[in-house]
Amino acid sequence: MSWAMRFSGFFSAAMLMIILSPSLQSFHPAEAIRSSPHLDGYIRQPDPQNRFSFRKASPFRNAEQCRPNNRTLTTVCDPSLVHVALTLDLEYLRGSIAAVHSILQHSLCPENIFFHFLVSDTNLDSLVQSTFPQLNFKVYYFDPNIVRNLISTSVRQALEQPLNYARNYLADLLETCVNRVIYLDSDLVVVDDISKLWSTSLGSRTIGAPEYCHANFSKYFTAAFWSDHRFAGTFEGRRPCYFNTGVMVMDLVRWRREGYTKRIERWMEVQKSARIYELGSLPPFLLVFAGHVAPIEHRWNQHGLGGDNVKGSCRDLHAGPVSLLHWSGSGKPWVRLDSKRPCPLEALWAPFDLYGYTH
């Protein structure tokens, strides 16, 4: 089937979502889809002199109703800031930059957002600074050796990277004055004001995330897990549901008080000897938190978009409004765009891509 035929099928669904969803009605990628039948205009070519070449983002300013912000006086402990944490690594750097760009473009008060970037193997401060000169941010080094001996083999090698586990240590890495943080994966874009997600009530819970209780929860653990009551009994008295750890609101005060990092590490130690799961960093979170998660609207994680056009598994948007698009899965939008085999929904990611230059 030709790419054009694939696009036409998903184009109608995407356009319907844009029309129905308040969060997407003013979302400018929709205009890009309307004005062009293909994605050639969004294909980026890297600077041959620089492997990591990013264009400088357009300036962003707070709306008049935001509190005054003097960037030179902004500190990480400012209680009025919105805190967002992402990882930065060479393989997913392009996605992380696009995620930040999307957040800034859709925020009413972008100068009031503080970004916490977790890194392991390189100093990327200057790249972030040159791409977003006005950005409030700090880079934190995460030592891979902290988890290297705790990580077991997974169904995909990408899931075994130590930086995938950095989210477990946010409460230790970030300043103690940071009481709450939004953790985001690198393969997503935000198409709504992130302050709405920030203001979500967690009640008595430590984390909040969209839950998917219709999913087959048992598949996230091995038969050995479910056949051993010592393990399966963990969920007694709980109503565990699957949630995606790529979008979470985290109460770091409760996390520190209850010692959740150590609880996650204990399950990783069990995994080394008993092989109770196959999926990397997700199952330990499920073991500790499933059934104890503050539910967040599904609009904040339209996940699973990482289908594969070559294999004929491009994904469509789920029904309902959209505030965040998440290319979880093996297919990443920048890889498919560069291969010139994109899926239709890459048209909603491409406008935030600052990599290279437009040809």
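Residues numbered from 1 in each chain as written. Predicted model: local features only at pLDDT ≥ 70, side-chain atom pairs only at ≥ 80, totals over all residues. Heavy atoms only, no water.

Ranked by size, the top nonpolar core spans 49 residues in total, and within it Ile 207, Phe 221, Phe 243, Met 250, Trp 255 and Phe 289 carry the most contacts. Sorting elements by how many residues they give to this core places helix H12 (residues 282–289) first, with six residues. Excluding its chain neighbours within four sequence positions, the residues that come into contact with Ile 207 are Leu 202, Phe 243, Met 248, Val 249, Met 250, Trp 255, Phe 285, Phe 289, His 292, Val 293 and Ala 294. Counting residues in each nonpolar core, the second largest holds 40 residues, with Val 84, Leu 93, Phe 115 and Leu 324 among its members. (Core = buried A, V, L, I, M, F, W, Y, C linked by side-chain atoms within 4.5 Å. Buried < 20%, exposed > 50% of the residue type's maximum accessible area, 1.4 Å probe, protein only. Helix = DSSP H or I, 4+ residues; strand = E, 2+ residues; numbered from the N terminus. Contact = heavy atoms within 4.5 Å.)

On to the state of the cysteines. The final tally for this structure, using the stated rule, is four disulfides. At a sulfur-sulfur separation of 2.1 Å, the disulfide partner of Cys 77 is Cys 177. In this structure, the disulfide formed by Cys 77 and Cys 177 twists by about -80° around the S-S bond and is classed as left-handed. With Cys 77 in the loop between strand S1 (44–45) and strand S2 (82–87) and Cys 177 in the loop between helix H6 (170–173) and strand S5 (180–184), this pair connects stretches of sequence that are 100 residues apart. Its relative accessible area of 42% is what places Cys 77 among the partly exposed residues. Each sulfur in the disulfide pair Cys 314 and Cys 343 lies 2.0 Å from the other. Disulfide Cys 314-Cys 343: the torsion about the S-S bond is -80°, which places it as left-handed. In this pair, Cys 314 sits in the loop between strand S11 (294–295) and strand S12 (324–326) while Cys 343 sits in the loop between helix H13 (333–338) and strand S13 (357–358), placing the two residues 29 residues apart along the sequence. Under the relative-accessibility criterion, Cys 343 is labelled buried at 2%. Once the bonded cysteines of the protein are numbered in order along the sequence, the disulfide links fall as 1-3, 2-4, 5-6, 7-8. (Disulfide = S-S within 2.5 Å.)

Take the sheet that holds strand S4 (residues 136–141) next. Across the sheet, which stays open at both edges, the seven strands sit in the order S4-S3-S2-S5-S10-S7-S11 with mixed pairing between neighbours. Of all the strands in the sheet, just S4 and S11 have a single pairing partner and so form its edges. (Pairing = 2+ DSSP bridges.)

All right, on to the pattern of salt bridges then. Summed over all chains, the structure comprises 14 salt bridges. Residue Asp 228 is joined to Arg 230 by a salt bridge in which the shortest nitrogen-to-oxygen separation is 2.6 Å. Relative accessible area serves as the criterion here: at 19%, Asp 228 is assigned to the buried category. The class of Arg 230 is exposed, set by a relative accessible area of 64%. The partner of Glu 265 in a salt bridge is Lys 262, and the shortest N-O contact between them spans 3.5 Å. Here Lys 262 and Glu 265 lie together in helix H11 (residues 260–274), a separation of three residues that amounts to about one turn. We classify Lys 262 as exposed; its relative accessible area is 54%. Within the structure, one salt-bridge network assembled from shared partners comprises Arg 94, Asp 338 and Asp 353. (Salt bridge = Lys/Arg side-chain N within 4 Å of Asp/Glu carboxyl O.)

Position of Ser 323 among the secondary structure elements: in the loop between S11 and S12. At 2.7 Å, the side chain of Ser 323 and the side chain of Arg 299 are in polar contact. (Polar contact = N/O pair within 3.5 Å; in protein donor to acceptor, adjacent residues only side chain to side chain.)

This part covers the packing of aromatic side chains. Applying the stated criterion across every chain yields a total of 24 aromatic pairs. Following the ring pairs from residue to residue traces out a cluster consisting of Tyr 212, Phe 217, Tyr 220, Phe 221, Phe 225, Trp 226, Phe 231, Phe 235, Tyr 242 and Trp 267. For Arg 180, the ring lying beneath its charged end belongs to Trp 198, and the centroid distance is 5.9 Å. The side chain of Arg 230 reaches across the aromatic face of Phe 231, ending 5.1 Å from its centre. (Phe/Tyr/Trp six-rings, centres within 6.5 Å; stacked < 30°, edge-to-face > 60°. Lys NZ or Arg CZ within 6 Å of the ring centre and 35° of its normal.)

Compared with the 21 Å implied by 1.5 Å per residue over 15 residues, the 21 Å span of H11 between its first and last C-alpha is a close match. Listed as buried for H11 are Tyr 260, Thr 261, Ile 264, Glu 265, Trp 267, Met 268 and Gln 271. Across the axial projection of H11, the buried residues extend over an arc of 160°, all falling on one side. Among the exposed residues of H11, those oriented more than 90 degrees off its buried face are Lys 262 and Ser 273. Note on H11: the residue one or two positions beyond its end, Arg 275, has a positive phi of about 50°. (Expected span 1.5 Å × (residues − 1). Arc of directions from axis to C-beta.)

It is worth spelling out the environment of Leu 252 at this point. Mapped onto the secondary structure, Leu 252 falls in helix H10 (residues 252–258). Under the relative-accessibility criterion, Leu 252 is labelled buried at 0%. Along the sequence, Leu 252 and Leu 174 sit 78 residues apart, while their C-alpha atoms lie 9.1 Å from each other. With near-sequence residues (within four places) excluded, Leu 252 lies in contact with Ala 171, Leu 174, Val 178, Asn 179, Arg 180 and Val 181.

Right, let's talk about H12 for a bit. Of all the eight residues making up H12, eight are buried; the element is thus mostly covered by neighbouring parts of the structure. Along H12, the positions that sit buried rather than exposed are Leu 282, Pro 283, Pro 284, Phe 285, Leu 286, Leu 287, Val 288 and Phe 289. Elements that come into contact with the buried residues of H12 comprise strand S7 (207–209), helix H8 (223–226), strand S9 (242–243), strand S10 (247–251), H10 and H11. Positive backbone phi, approximately 95°, marks Gly 291, located one or two places after H12.

The next point concerns the pairing of S4. With six bridges joining them, strand S3 (residues 113–119) and S4 adopt parallel strand pairing. Residue pairing across strands places Val 119 opposite Tyr 141, the latter belonging to S4. A crossover connection joins S3 to the parallel S4 through helix H4 (residues 125–131); in handedness this β-α-β unit is right-handed. (Right-handed = clockwise from strand over helix to strand, strands pointing away.)

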